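# Observations on the three-dimensional arrangement
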Amino acid sequence: MKIFNTMTRQKEEFVPLEDGKVSMYVCGPTVYNLIHIGNARPMIVFDTFRRYLEYKGYDVNYVSNFTDVDDKIIKKANEEGVDASVISERYIAECKKDMADMNVKPATTHPLATKEIQGMIDMISTLIEKGYAYAAADGTVYYRTRKFAEYGKLSHKNLDDLQAGHRDIKVTGDLKEDALDFVLWKPKKEGEPYWESPWCDGRPGWHIECSVMSKKYLGDEIDIHAGGEDLIFPHHENEIAQSEAANGVPFAKYWMHNGFLNINNQKMSKSLGNFFTVRDIAEKYDLQVLRFFMLSAHYRSPLNFSADLMEAAKNGLERIRTAGSTLKRQMEAAAAEEMSDAERTSYEETAAYVEKFEAAMDDDANTADAVSAVFELVKYINTNASSDNSREYLQKLYDRLDTLCGVLGIILEQKEELLDADVEALIQERTDAKKAKNFARADEIRDQLKDMGILLEDTREGVKWKRA
Ligand code: AMP
Ligand code: ZN
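Predicted model only: the values in this text are computed from it and were never measured. (Residues numbered from 1 in each chain as written. Chains lettered and ligands numbered in written order. Predicted model: local features only at pLDDT ≥ 70, side-chain atom pairs only at ≥ 80, totals over all residues. Heavy atoms only, no water.)

### Section: the site of ligand 1
Heads up, the rule is: Residues are labelled near a given molecule or strand when at least one of their non-hydrogen atoms is within 4 Å of it. Under this definition, polar contacts are N or O atom pairs within 3.5 Å; protein pairs additionally need one hydrogen-donor-capable and one acceptor-capable atom, and for neighbouring residues in sequence, both atoms have to be side-chain atoms. Note that accessible areas follow from Shrake-Rupley with a 1.4 Å probe, and for residues the cover is restricted to the protein chains shown. Secondary structure elements follow DSSP: runs of H or I no shorter than four residues count as helices, runs of E no shorter than two count as strands, and numbering proceeds from the N terminus. Gly counts as polar in this scheme, as do all residues outside two lists: the nonpolar Ala, Val, Leu, Ile, Met, Phe, Trp, Tyr, Cys and Pro, and the charged Asp, Glu, Lys and Arg.
Contacts to ligand 1 come from 17 residues, most closely from G38, G228, D230, L261 and M268. In the environment of ligand 1, an oxygen atom lies 2.4 Å from a nitrogen or oxygen atom belonging to the side chain of D230. For ligand 1, whose unbound accessible area comes to 480 Å², protein coverage reaches 88%. When residues of the shell around ligand 1 are assigned to their parent elements, the largest contribution, three residues, is made by helix 1 (residues 37–55). When grouped by side-chain class, the residues that make up the shell around ligand 1 number seven nonpolar, eight polar and two charged.

What follows is the structure, encoded as structure tokens:
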């Protein structure tokens, strides 16, 4: 299996540090709001890669953090007049719900930055002892970037070019020795959460969090470190500088970065305001459609979000699911027999699609080609299966399709679930029926929703609903 390593800018054969095991760290979101579908891209593509590694028999230790202390979280907490932890806990719960709805498996560990402060203080102390960091007069601790000779090796940036870019930014009163130095620990400000440290009461910089959580849960040297391509510089470059200087061994063997999810060819981001949350999409679509849409492109390519592409994804997914449900129906009608020789030969032919699927995934997780292989299998099934076949043959075809879908995180058997928009439309219809004094219809709708696990509550502000 080959993966494209951002460090060497080449596809490299994947050889894990330890036979049969993979350690993987994926930088997670900063939790101050509902996640948008740009944030969902790394979650979906790296979850799919993890599933493929597991399919190949690897034991995967998958760690993905939540950044739960940050300026944006504090700002939101101050706006709402609550503790920062109220904001981060709320959005971690919401994020986990979105992940489950997108069929993203929970990580082996989801560490929280605020629970790992001691590890950060320890690593910063080591860096100071080794001469890679220093505390300024106000208690800020900086990393001495020029001391790390290999700085820039991941992003392929040259220190002198970086220095030139920084020249104008260095402000008077700045306590850094050098404009390139970055923050490891910063003093508290009024109204901010803080922790005691040998340097000042304060909080960690963002980059040190990941170095420390990766070390604690995966070890000094890991197989794969991943995230969106905006993290290559400075976040991952700084993580390398911190971890390699502190631990004295290479940090990650392979660096994987997903391309941006764009909208009108511009990166989707909170700051530009051009985003859709995963929740927005869930109002219109089963989130399996979103997942399928993401997998229709190679993870390193930019992907432009559009209604047309979502519709195409919806239709594509439907085609696969229809093949699955048709097989199920055929199985019910078919004779409970074992495969005939002709059926065995036919089934063996479908191994070619599995090979194609694996070849695509082995080539730097090319999910776009893997999806094509699934479509080819669907086409084969549609022309070579009927209720005249034996049940065993139909079951085997179903299992084969289900296995490949499972690697992609696509659930073949569609749940009969109402979308939020459908629920709201029914509630509106019930309100209208009540206004028109058609109470029989109103009660009928309430019962129908109850059967589907939707509970209604009539309040003064209108009808509220929740899933049972
Ligand atoms: P953040 O919460 O901004 O730190 O982002 C969490 C993860 O989402 C990181 O891996 C980012 O690289 C990734 N990400 C954010 N926006 C996008 C986007 N528009 N397309 C792809 N990945 C993104
Ligand atoms: Zn990180």
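There's more to say after this.
### A short note on the sheet that holds strand 12 (residues 266–267)
The following threshold applies: Pairs of strands are assigned from DSSP output, requiring at least two bridges between the strands.
Across the sheet, which stays open at both edges, the three strands sit in the order 12-11-13 with mixed pairing between neighbours. Only two strands of the sheet have a single neighbouring strand rather than two, namely strand 12 and strand 13 (303–304). Looking at chain direction, strand 11 (residues 261–263) and strand 13 are connected through two bridges and run parallel. Across the sheet, N262 pairs through a bridge with N304, a residue of strand 13.

### What to know about the sheet that holds strand 3 (residues 21–26)
To be explicit about the condition: Axis definition: a line fitted to C-alpha atoms, limited for helices to the stretch in contact. Angles are taken between N-to-C directions and run from 0 to 180 degrees. Any two residues whose heavy atoms approach within 4.5 Å at even a single point are treated as in contact.
On the basis of which strands lie adjacent, the open sheet formed by four strands has the order 4-3-9-10 and parallel pairing. The sheet is open, and its two borders are formed by strand 4 (59–64) and strand 10 (252–258), each paired with just one other strand. Going from strand to strand, the sheet's axes swing by 20 degrees on average, the running direction of each strand aside. As paired elements, strand 9 (residues 222–228) and strand 10 share six bridges and run parallel to each other. What sits directly across from I224, in strand 10, is Y254. Of the strands in this sheet, strand 3, strand 4, strand 9 and strand 10 touch helix 1, which is tilted by about 135 degrees from strand 10. Each of strand 3, strand 4 and strand 9 touches helix 6 (residues 206–218); the most contacted strand, strand 3, lies at about 155 degrees to it.

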